[in-house]
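Next come the chains, spelled out residue by residue.
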Amino acid sequence: HLIYLITIPRVYSSLPLPLYAPELFLECLDAQPADPGSRNSRAAVIPTDSSFSTNLMRAVRNLRFASASTRKPEAIVAAVTETHIRATISCCKHLNLELKVRSGGHDYEGFSYTSPVPFVILDMYNFDKVDINLKDETAWIQSGASLGELYYNIAKTSKVHAFPAGVCPKVGAGGHFSGGGFGNLLRKYGLSIDHIIDAQIMDADGKVYRDRRSMGEDVFWAIRGGGGGSYGVILAWKLKLVRVPENVTVFKLERTVEEGVIDLVHKWQQVAPVIDKDLFIRLEIKPVYRRTTSKCKTKTINVSFIGMFLGSPERLLNIMNKRFPELYLREPDCMVKKWIDSVVFWAEYPENAPLEILLEKISVNESYWKRTSDFVQTPISKRGIAKIFQTMIYHSPLPRRVWMQWNPWGGRMAEIASDETPFPHRAGNVFMIEHFMNWYAPGNELEEAFLAISRSFKMAMTPFVSKNPREAFLNYRDVDIGITTPGYNATFEKAKVYGEKYFQGNYLRLFQVKARFDPTNFFRSQQGIPVLE
C-alpha cells in the first residue's frame, strides 16, 4: 500500500479526497498495529455499510445536523481499545481527514459529528467504564460514559456522595467536563472541572499520558474548561466526589405575570445569588397561552421556580421565609428525596421510573433547535424584566417559542479565581442565561425562520447582558459569535472573535499550551484553539 508513504504537506491543508476515501481509510486502519487476533477495521463502519446510519444517528442530538444536505463522515470508528484510537488518528493524518471526537453528541452546533471538510468520527461510546473508590472519595470515568452512568454508579456505592455536573443524564463526560460542566450543585461546589483531579489523554502522535504529571500542569489546566478537543483525545477523568445529605429537598413552583411574577423575578435576582450555598433556584421562563374566557386566550409568561436544597424542608422553609417570603413556598411544595432520586426529578423523568433509566444513552424524539448563552452582571430592573417578557411573547409563534433558563451564580462560584481554570465566568456574575428555540419539522425555510427568531431575540437581550466582550459558555457552543474558516489557517487574532468570549483573559494561555502540545493543529475545528501567529 504505497499510499501510506506519501508525504502530506500540512495536516490543516485542504487536499481533494478521492471518491473511494472510505475504503482507503479502512485499508489504512488495517495497516496500523492492531490488538492480537483482531483487525482495526472491525471497529469501523463506512457509508456503504447497512449499519452506518444507525451508528451516525445514535448520538445526533440536534436534527438540524441530520439533513440530507449535511456532510456525512467518511467513516465512524466506535473504538473499543486505545489501539483503535491510535490507528484512527494515524489514518486521519495519512489521508488528511479531520478527526471529530464524539462522547455523547450534545455539542450544540454538532461539532462532534459534522464538519465542512472531509472527516471521520471517533465515537467514544464504548469507553464507558466508571470506577468508584470510596476510600479516597474519587472516581475514574472514561470519556464515553454518560453523566447518568456516573450518577448511577455513585448511588450504588454511597448514599451520601455526589458529583457536581449537569442535570441531563445522557450527556457524555468527555465533552461536558472539557467545557466546564455545570449543574444544580454549582453554588455549593462550583463546576465539574473544580473537582477533576487527574486525567488521561492521547496526543496527535498516539502517545498516551496517564496522569497530569506526565502531560504537564499546563495541559491539565487547559483541558478542564478549555475544550479538550483542541488538544487530544480525552480517555478518562479522575473526579473528587463531594458530600451530600442522605436526603435533599426539591420543589417546583409556577407563577404568571398576572400573579405578580415580574416582582418575583426581580426579587429572585437580589436573593438567589447570595442566599445559603445549599440552595439553588433555577428560573424557567416560557411564553404560554392564558385562557381569558371560554372562547378566548391570550399570551402570557409563565415562570417556574425550580429548587434544589441540600437539607431538610424545615431548614429550607426557614431560609425562604426570611429571605424570599414573596415566593410563598410552603411545606406541601417540598419534596424530600434521596440525592439520586433528585437526579431523576431534575431530568424530568417519570417519578416512579427505575434508577436504571439513568443508564440509557440513546435518545428518542429529538428535535431541531438553537441554544445559546449569556451572562448577566447587573440585576435587571422591573421595567427591563417586563420588556424582556413582552419581547419573548412577540418572538413566540406559539406553540413554538423562545424561552430561557436563568441559573443563579454566587456561592462557591464567586470564591474561585477566574484563571484557576480556563472557565473565567466566576465572581461578578449574577446569573447565567441559556436561550432556547425548538421546532419539530424539517425544512431549510423553516430552519431559517426559527434561527432568525432566535437571533432577533438574543439581539434584543443585548442591553441586559455582559459587554466587551459579550461572554459565552463553551458548553453552550454558538457559531453566531464567530468561527474560523474551513481552511483552518486560523490565527490568534482571528480566533479571538470567539476565544475571548468563551475564555476572556485565559485565551492567550490556551493558545500557548496548544502551540506546545498540538503544534500541527491536528485537533482542530471552526471554534478551536489555533496555533498560527
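Being a predicted model, the structure only gives us computed values, none of them experimental.

Topic: the overall build of the protein
Okay, step 1: Along its length, the protein carries 15 helices and 18 strands.
Okay, step 2: Its C-alpha atoms give the protein a radius of gyration of 23 Å, near enough to 24 Å, the size a compact globule of 533 residues would have.
Okay, step 3: Considering the protein as a whole, with its 533 residues, one finds that 59% of them fall into the buried category.
Okay, step 4: Restricting to contacts in the protein with at least 6 residues of sequence separation, those with at least 24 account for 74%.
Okay, step 5: Here the protein displays about 21,700 Å² of accessible surface, and carbon together with sulfur accounts for 52% of that area.
Okay, step 6: Computing the positive centroid from 66 side-chain charges and the negative centroid from 56, the protein places the two 4 Å apart.

Things to note about the UniProt feature "domain: FAD-binding PCMH-type" (unreviewed entry) in the protein
Okay, step 1: With numbering matched to this structure, UniProt assigns "domain: FAD-binding PCMH-type" (unreviewed entry) to residues 69–244.
Okay, step 2: Spanning residues 69–244, this segment combines 26% helix with 25% strand, and its end C-alpha atoms are found 48 Å apart.

Points about unusual backbone geometry
Okay, step 1: For the peptide bond that leads from leucine 398 to proline 399, omega is 15°, which places it in the cis range.
Okay, step 2: If you trace the backbone, proline 399 turns up in the loop between helix 12 (382–394) and strand 17 (402–408).
Okay, step 3: Residue proline 469 follows asparagine 468 across a cis peptide bond; omega there is 5°.
Okay, step 4: Note on placement: proline 469 falls in the loop between helix 13 (444–460) and helix 14 (492–503).
Okay, step 5: The phi dihedral of glutamate 137 falls on the positive side, at around 55°, and the residue is not glycine.
Okay, step 6: By the element assignment, glutamate 137 lies in the loop between strand 5 (130–133) and strand 6 (138–142).
Okay, step 7: With a phi close to 50°, glutamine 504 is a non-glycine residue in the positive phi region.

What about the environment of glutamate 420?
Okay, step 1: Secondary-structure assignment places glutamate 420 in the loop between strand 17 and strand 18 (431–439).
Okay, step 2: Between the alpha carbons of glutamate 420 and aspartate 194 there is a distance of 8.7 Å; along the sequence they are 226 residues apart.

Observations regarding the domain arrangement of the protein
Okay, step 1: Each domain of the protein was delimited in the assignment, giving domain 1 (22–123), domain 2 (130–243) and domain 3 (248–329 + 367–462).
Okay, step 2: Computed over C-alpha atoms, the centres of domain 1 and domain 3 are 38 Å apart.
Okay, step 3: The interface is formed by six residues belonging to domain 1 together with nine residues belonging to domain 3.
Okay, step 4: Together, Leu63, Arg64 and Tyr108 form the three largest contributors to the area buried by domain 1 at its contact with domain 3, with a combined 69%.
Okay, step 5: In this structure, glutamate 447 and arginine 64 form a salt bridge, with 3.5 Å as the shortest nitrogen-oxygen distance.
Okay, step 6: Applying the counting criterion to the domain 1 and domain 3 interface returns six residue pairs in polar contact (both at pLDDT 80 or more).
Okay, step 7: Residues that form the side of domain 1 that touches domain 3 fall into these classes: two nonpolar, one polar and three charged.

What counts, and where the lines are drawn
- Residues numbered from 1 in each chain as written.
- Predicted model: local features only at pLDDT ≥ 70, side-chain atom pairs only at ≥ 80, totals over all residues.
- Heavy atoms only, no water.
- Helix = DSSP H or I, 4+ residues; strand = E, 2+ residues; numbered from the N terminus.
- Rg over C-alpha atoms; globule rule 2.2 N^0.38 Å.
- Buried < 20%, exposed > 50% of the residue type's maximum accessible area, 1.4 Å probe, protein only.
- Contact = heavy atoms within 4.5 Å.
- Areas by Shrake-Rupley, 256 points an atom, 1.4 Å probe, with all protein chains shown as cover.
- Lys, Arg positive; Asp, Glu negative; His and termini not counted.
- Charge placed at Lys NZ, Arg CZ, Asp CG, Glu CD.
- UniProt positions renumbered as here; feature names shortened; annotations may be inferred.
- Domains from an automatic or database assignment.
- Buried area = accessible area lost by both parts, 1.4 Å probe.
- Salt bridge = Lys/Arg side-chain N within 4 Å of Asp/Glu carboxyl O.
- Polar contact = N/O pair within 3.5 Å; in protein donor to acceptor, adjacent residues only side chain to side chain.
- Nonpolar A, V, L, I, M, F, W, Y, C, P; charged D, E, K, R; others polar.

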